[in-house]
Amino acid sequence: GEEAYSLAILLHRVLGKDFDRYRISIIGTDIDNLSLEKARKGVYCENVLKNVDASIIKSYFVRQGETYQVSDQLRSMIRFQRHDMISESCTNRFDLIICRNVMIYFKKEIQEHLQLNFHQALNRGGFFVIGKAETLLGTASTRFKPYNARERLYIKET
């Protein structure tokens, strides 16, 4: 859940006063139900937040003894759901898909299959972000245009 909450914080901070003008919905997925339950709770130990700016902690977390819980405002923006990205296709349409440092654990054929599924799930002009150790493969490499290749940020044009 950390990446989903980080994205929500980033969007809230960047949009500022205009935040409420947008209908933002973030979906975090995992195949593991225990991980999903932990993410839904949004409770983190102090050491997980050690490199987080104090103003962000104050604005987006509620201290509960030795832990911090993500604010209800952020938690309401995010749905966590079980999804097996290898055997289940995405039926939603997205403006942004972040899949960082997951595909490296799969064979190249599966990586390409996943990348093509993500391409299909993105809206035209949508962004796809992968980890720095990952690359686009096969047909998928022709379906995305690099937006910032160094940061592994791609855009769907067609």
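Residues numbered from 1 in each chain as written. Predicted model: local features only at pLDDT ≥ 70, side-chain atom pairs only at ≥ 80, totals over all residues. Heavy atoms only, no water.

### Considering the environment of valine 48
Logical step 1: In this fold, valine 48 is placed in the loop between strand 2 (43–45) and helix 3 (54–60).
Logical step 2: What makes valine 48 partly exposed here is its relative accessible area of 40%.
Logical step 3: Counting along the chain gives 55 residues from valine 48 to methionine 103, while the straight-line C-alpha distance between them is 24 Å. (Helix = DSSP H or I, 4+ residues; strand = E, 2+ residues; numbered from the N terminus. Buried < 20%, exposed > 50% of the residue type's maximum accessible area, 1.4 Å probe, protein only.)

### Quick notes on the pattern of salt bridges
A pair can form between side chains of opposite charge whenever their charged atoms are brought close.
Logical step 1: Applying the stated rule across the entire model yields eight salt bridges.
Logical step 2: Glutamate 151 is the salt-bridge partner of lysine 132, the closest N and O atoms lying 3.4 Å from each other. Taken together, the residues span a long stretch of sequence, with lysine 132 in the loop between strand 7 (122–130) and helix 6 (140–143) and glutamate 151 in the loop between strand 8 (144–148) and strand 9 (153–156) at a distance of 19 residues.
Logical step 3: Note on lysine 132: relative accessible area 48%, which makes it partly exposed. (Salt bridge = Lys/Arg side-chain N within 4 Å of Asp/Glu carboxyl O.)

### Observations regarding the sheet that holds strand 7
Logical step 1: Reading across from one edge, 6-7-9-8 is the order of the four strands in this open sheet, with mixed pairing throughout. Edge strands, defined here as strands with exactly one partner in the open sheet, are strand 6 (94–99) and strand 8. Across this sheet, the average inter-strand angle for adjacent strands is 25 degrees, counted without regard to direction.
Logical step 2: When strand 8 meets strand 9, the two strands line up antiparallel, connected through four bridges. When the sheet's bridge partners are listed, lysine 145 is paired in strand 9 with isoleucine 155.
Logical step 3: On the sheet, helix 5 (residues 108–121) packs against strand 6, strand 7, strand 8 and strand 9 and is oriented at approximately 140 degrees with respect to strand 7. (Pairing = 2+ DSSP bridges. Axes fitted to C-alpha atoms, helices over the stretch in contact; angles between N-to-C directions. Contact = heavy atoms within 4.5 Å.)

### Let's talk about the sheet that holds strand 4 (residues 67–70)
Logical step 1: What the three strands build is an open sheet, ordered 2-4-3; its pairing is antiparallel. At either end of the open sheet lies a strand with only one pairing partner, and these are strand 2 and strand 3 (61–64). Strand-to-strand, the axes of this sheet are offset by a mean angle of 30 degrees, without reference to chain direction.
Logical step 2: Bridge count between strand 3 and strand 4: four bridges; the pairing is antiparallel. Residue pairing in the sheet places phenylalanine 61 in a bridge with valine 70 of strand 4.

### Thoughts on the side chain of glutamine 115
Logical step 1: Along the chain, the position of glutamine 115 falls in helix 5.
Logical step 2: The class of glutamine 115 is buried, set by a relative accessible area of 0%.
Logical step 3: Within the structure, glutamine 115 has its side chain in polar contact with the backbone oxygen of threonine 135 (distance 3.0 Å).
Logical step 4: Look past the residues within four positions of glutamine 115 in its chain and what remains in contact with it is Met103, Phe128, Thr135, Leu136, Leu137, Ala140 and Phe144. (Polar contact = N/O pair within 3.5 Å; in protein donor to acceptor, adjacent residues only side chain to side chain.)

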